[in-house]
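Close look at the chain arrangement
What follows is the residue order along each chain.
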Amino acid sequence: MSDKKKTRLHILGGGPAGLAVGYFAQRKKIDLEIYEASNKIGGNCKTIIHEEYRFDTGAHRFHDKHDEITLELKDLMGDELLKVSVPSKIFRAGNMINFPLNSLNLLKNLKFSTLLNVIYENILNSCRSFESPNNFKDLAQIRYGRTLSNLFLMNYTKKLWGKDPTKLETSISGDRLKNLDLVSFLKETIFKTSLNKHLDGSFYYPRYGFGTIFENIEEYIGSEKIKMQTPVKMLNHDGSKIKEIINGEEKVLDVDTVINSLPLNILINILNPAPPRKIIEAIDSLNYRNLRLCILFLDMPYFSENASIYFPEKKFPFTRIYEPKNRSKIMAPLDKTCIVIEIPYSNDDEIHLISEIKLFNEISSMLIDSRLLKNNNIIGHTFFNIDYAYPVMEVGTKNKLIPVFNYLNKFKNLYNIGRGAEFKYIHTHDIFKKASLIIDEIS
Ligand SMILES: Cc1cc2nc3c(=O)[nH]c(=O)nc-3n(C[C@H](O)[C@H](O)[C@H](O)COP(=O)(O)OP(=O)(O)OC[C@H]3O[C@@H](n4cnc5c(N)ncnc54)[C@H](O)[C@@H]3O)c2cc1C
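Quantities reported herein were computed from a predicted structural model and do not represent experimental measurements.

Scoring rules and cut-offs
Residues numbered from 1 in each chain as written. Predicted model: local features only at pLDDT ≥ 70, side-chain atom pairs only at ≥ 80, totals over all residues. Heavy atoms only, no water. Helix = DSSP H or I, 4+ residues; strand = E, 2+ residues; numbered from the N terminus. Expected span 1.5 Å × (residues − 1). Buried < 20%, exposed > 50% of the residue type's maximum accessible area, 1.4 Å probe, protein only. Arc of directions from axis to C-beta. Disulfide = S-S within 2.5 Å. Near = heavy atom within 4 Å. Polar contact = N/O pair within 3.5 Å; in protein donor to acceptor, adjacent residues only side chain to side chain. Areas by Shrake-Rupley, 256 points an atom, 1.4 Å probe, with all protein chains shown as cover. Nonpolar A, V, L, I, M, F, W, Y, C, P; charged D, E, K, R; others polar. Core = buried A, V, L, I, M, F, W, Y, C linked by side-chain atoms within 4.5 Å. Domains from an automatic or database assignment. Contact = heavy atoms within 4.5 Å. Phe/Tyr/Trp six-rings, centres within 6.5 Å; stacked < 30°, edge-to-face > 60°.

1. Focus: helix α4 (residues 112-127)
- The first and last C-alpha atoms of α4 sit 23 Å apart over 16 residues, in line with the 22 Å expected at 1.5 Å per residue.
- The set of residues buried in α4 consists of Thr114, Leu115, Val118, Ile119, Glu121, Asn122 and Asn125. Taken end-on, α4 shows its buried residues confined to a sector of 165 degrees, consistent with a single buried face. Away from its buried face, by an angle of more than 90 degrees, α4 presents the exposed residues Phe112, Tyr120 and Cys127.

So this is what it looks like as structure tokens:
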């Protein structure tokens, strides 16, 4: 990795990872320049303004996982940062089921015999010892038993990641699959009182949308340090150091420390000379999952009371609906709202090719047929595309990545950070944490 006391950072990409590094560098007065291919910062975490509505490019919220990072965020956002507590739900078989699952609510929505199966399987699981699971399906069944996994997790996972859950690494759970709390579950079922005080929907959220975190960082760093519409096209190197950066029409010769936040496949493809064949083959075998977002503008004050609603059933092409107004009221006018519908796809999926109008018609009919909307509620729609939304962590991916990162580690002045760059299912708080560690190491 890089020598100490670097004086200048060249940051590739102006998404959350590039900007997080820029933020901590600016805090320490380290000279920096960010190169961003598009005409807007924020990468996959933007807030879009559409007429009188604001919505994020996906259901983003800030998880309070690292105290020092949450403090930085509070400092950056001031009184724009809200602490939000709203529930989330799973929509299945026409019912809204509490998420996280609790037994009282399941009792209402599942057959009693199904609930007995759930309890039986989880008692059995708690008496058994398991080897550590090597795929997502095994992990889910150990944590929740077969019945709950099949009802709520398997189809959802397949839709989101585009692969059978037996083919996916356990890390796609994002550490969110805790064991079912059997004691609470039984007490709730027997005494019919809800002990589950945990609200999945308790998180930080900026008043004007998640993307404003990155807009505030842009302002803090100074927009003159961010070169927009400047795609990085080539990194010339000598095998141990990046020597030149070719971006847009410019060649940067005096290269000091390079921070890469571009997806791994882009990085590998712009290295010159090209990496060894086995590295290119490893990268070519990786897949990223994209999202189509369908945004519906609705003539009603609220669509639901929820932060997010999850759709595990196969018949729905979408996985989740989120309502910006339930995170911050100013995201829509008083008497109207909008919902953002997430449809995951890979480039060879049919959904990728369906026209916007056809997809809009399909989705709105499904919501109307499911009695979640009425035809006259919808007063407009738009679409938004997110590439590189999820790095598909298949069983075996970790091993494929070992030689790739061994190769990249040979470059003494190159750091790699971000969801696509590290090929890891990480979130904004993880990215901020890593950015602060990189800057500590450099300064
Ligand atoms: C639907 C969804 C919901 C999410 N929800 C949450 C959440 O609730 N909480 C949370 O913490 N995280 C959430 N995340 C994760 C978070 O959005 C990502 O971790 C984050 O966007 C990753 O940032 P990044 O900078 O690594 O990559 P990106 O956001 O992909 O940014 C990469 C940037 O590099 C630029 N770029 C690409 N190629 C070039 C080039 N050749 N030259 C220059 N620039 C280039 C791109 O234009 C982009 O701006 C969610 C993600 C998705 C998709």
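2. Here's the deal with the state of the cysteines
- One pass over the full model with this rule turns up 0 disulfides.
- The thiol of cysteine 338 is unpaired, and the distance to the nearest cysteine sulfur, on cysteine 294, comes to 11 Å.
- Classification of cysteine 338 as buried rests on a relative accessible area of 1%.

3. Some remarks on the site of the ligand
- Surveying the vicinity of the ligand reveals 32 residues, the closest of which are Ala17, Glu36, Asn44, Arg61 and Thr428.
- Proline 16 places a main-chain nitrogen or oxygen 3.2 Å from an oxygen atom of the ligand.
- One of the backbone N or O atoms of alanine 59 is found 3.3 Å from an oxygen atom in the ligand.
- Contact with the protein chains covers 91% of the free accessible surface of the ligand, which is 1,000 Å².
- Broken down by secondary-structure element, the contributors of at least two residues to the shell around the ligand are α1 (16-27), β19 (378-391) and α13 (428-442).
- Split into classes, the residues belonging to the shell around the ligand amount to 15 nonpolar, 12 polar and 5 charged.

4. Brief notes about the nonpolar core
- If you look at the biggest cluster of nonpolar residues, it comprises 110 residues, and the most contacted ones within it are Leu9, Ile213, Ile245, Leu264 and Leu408.
- Here the element with the most residues in this core is helix α5 (residues 136-161); it accounts for 11 residues.
- Mapped onto the domain boundaries, this core takes at least three residues apiece from domain 1 (8-42 + 62-77 + 206-286 + 393-442) and domain 2 (101-197).
- Excluding residues within four positions of it along the chain, leucine 264 makes contact with Ile283, Leu286, Tyr288, Leu401, Val404, Phe405, Leu408, Asn416, Gly420, Ala421 and Phe423.
- Formed by 25 residues, the second largest nonpolar core is a distinct cluster that contains Leu298, Phe316, Phe318 and Phe360.

5. What to know about the packing of aromatic side chains
- Applying the stated rule across the entire model yields 20 aromatic pairs.
- Judged by centre distance (6.2 Å) and plane angle (65 degrees), the rings of phenylalanine 91 and phenylalanine 316 are edge-to-face. Placement of phenylalanine 91 in strand β6 (residues 88-92) and of phenylalanine 316 in the loop between β16 (308-310) and β17 (320-322) is noted, with a sequence separation of 225 residues between them. Phenylalanine 316 matches phenylalanine 91 in its accessibility class, with the two residues each being buried.
- Clustering of aromatic rings is evident, with ring pairs tying together Tyr23, Phe24, Phe62, Phe210, Phe214, Tyr220 and Phe432.

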